[in-house]
Amino acid sequence: MEHSLSTRNRLGNSGLAVVPAVAATAYAVQADDSMPRLVAILAVLGFAALAVRGYRLGVTYDHSRITIRGYSRTRVIDRDHIKEVTDFPAVRWTARNGRERWTPLTAFMTSTGEFSTTRIHKERALKKLRQWVRRGGGERGRAKTAVPR
């Protein structure tokens, strides 16, 4: 299963990095020295990467593992190591060395100013994910879920 966000939500997540990238680009164009220009270009590259990661936020899972794409990293967790999906929302799991870990599900975090359709979509995705965890990963293959527009 793949749970991704609506296009509107994806663009909003990307917009968090696009605005500073535009500002850094404007600064780089106007900078007189090479060092400030270099720093501005590096900032543009970093914000561009963050914008792409924000657009790709989501969760994919199949019969044996889950892949969580967040702003800063993508985490792949074996199904057998997952303990629960919390209300935060986050996945609580145990690392191979026995250490307790948790990974936030950034894509499904809600806020008060969100559209109700987006909030409902996120709640449904979390419900399906919790069912998958309880079932023990019984679904085979990958299927794409409908995304509200």
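Residues numbered from 1 in each chain as written. Predicted model: local features only at pLDDT ≥ 70, side-chain atom pairs only at ≥ 80, totals over all residues. Heavy atoms only, no water.

(A) Region of interest: the sheet that holds strand β4 (residues 74-78). Across the sheet, four strands lie side by side as β1-β2-β3-β4; this open sheet has antiparallel pairing. Both edges of this open sheet fall to β1 (2-4) and β4, since each of them pairs with a single strand only. On average, each strand axis in the sheet is inclined to that of its neighbour by 10 degrees, with strand direction left out of account. (Pairing = 2+ DSSP bridges. Helix = DSSP H or I, 4+ residues; strand = E, 2+ residues; numbered from the N terminus. Axes fitted to C-alpha atoms, helices over the stretch in contact; angles between N-to-C directions.)

(B) View of the packing of aromatic side chains. Enumeration according to the criterion identifies two aromatic pairs in this entry. Ring geometry for Tyr61 against Trp132: centres 4.7 Å apart, planes inclined by 40 degrees, an arrangement best described as tilted. Highlighted residues: Tyr61 in strand β2 (residues 58-61) and Trp132 in helix α3 (residues 116-135), separated in sequence by 71 residues. Trp132 shares its class with Tyr61; the two are buried. Measuring from ring centre to ring centre gives 5.5 Å for Phe88 and Trp102, while their planes differ by 90 degrees; the resulting arrangement is edge-to-face. On the criterion of sequence distance, the pair formed by Phe88 in the loop between β5 (82-85) and β6 (90-94) and Trp102 in strand β7 (residues 100-104) is long-range, its members being 14 residues apart. Over the ring of Tyr55 we find Arg10, and its NZ or CZ is 5.0 Å from the ring centre. For Arg79, the ring lying beneath its charged end belongs to Trp132, and the centroid distance is 5.7 Å. (Phe/Tyr/Trp six-rings, centres within 6.5 Å; stacked < 30°, edge-to-face > 60°. Buried < 20%, exposed > 50% of the residue type's maximum accessible area, 1.4 Å probe, protein only. Lys NZ or Arg CZ within 6 Å of the ring centre and 35° of its normal.)

(C) How the structure looks around the sheet that holds β6. Taken in spatial order, the three strands line up as β5-β6-β7 in an open sheet, and their pairing is antiparallel. Each edge of the open sheet is held by one strand with a lone partner, namely β5 and β7. Ignoring which end each strand starts from, the neighbouring axes of this sheet average 20 degrees apart. Bridge count for β6 against β7 is five bridges, and the pairing is antiparallel. Across the sheet, residue Trp93 finds its bridge partner in β7, namely Arg101.

(D) Up close: helix α2 (residues 34-55). With 22 residues, α2 extends 32 Å between its outermost C-alpha atoms, agreeing within 8% with the 32 Å of an ideal straight helix rising 1.5 Å per residue. Within α2, burial applies to Ala40, Ala51 and Gly54. Considered in projection along α2, the buried side chains sweep an arc of 60 degrees and stay on one side of the axis. The exposed residues of α2 that point more than 90 degrees off its buried face are Ser34, Met35, Leu42 and Leu45. The inward-facing, buried residues of α2 abut α1 (7-30). (Expected span 1.5 Å × (residues − 1). Arc of directions from axis to C-beta. Contact = heavy atoms within 4.5 Å.)

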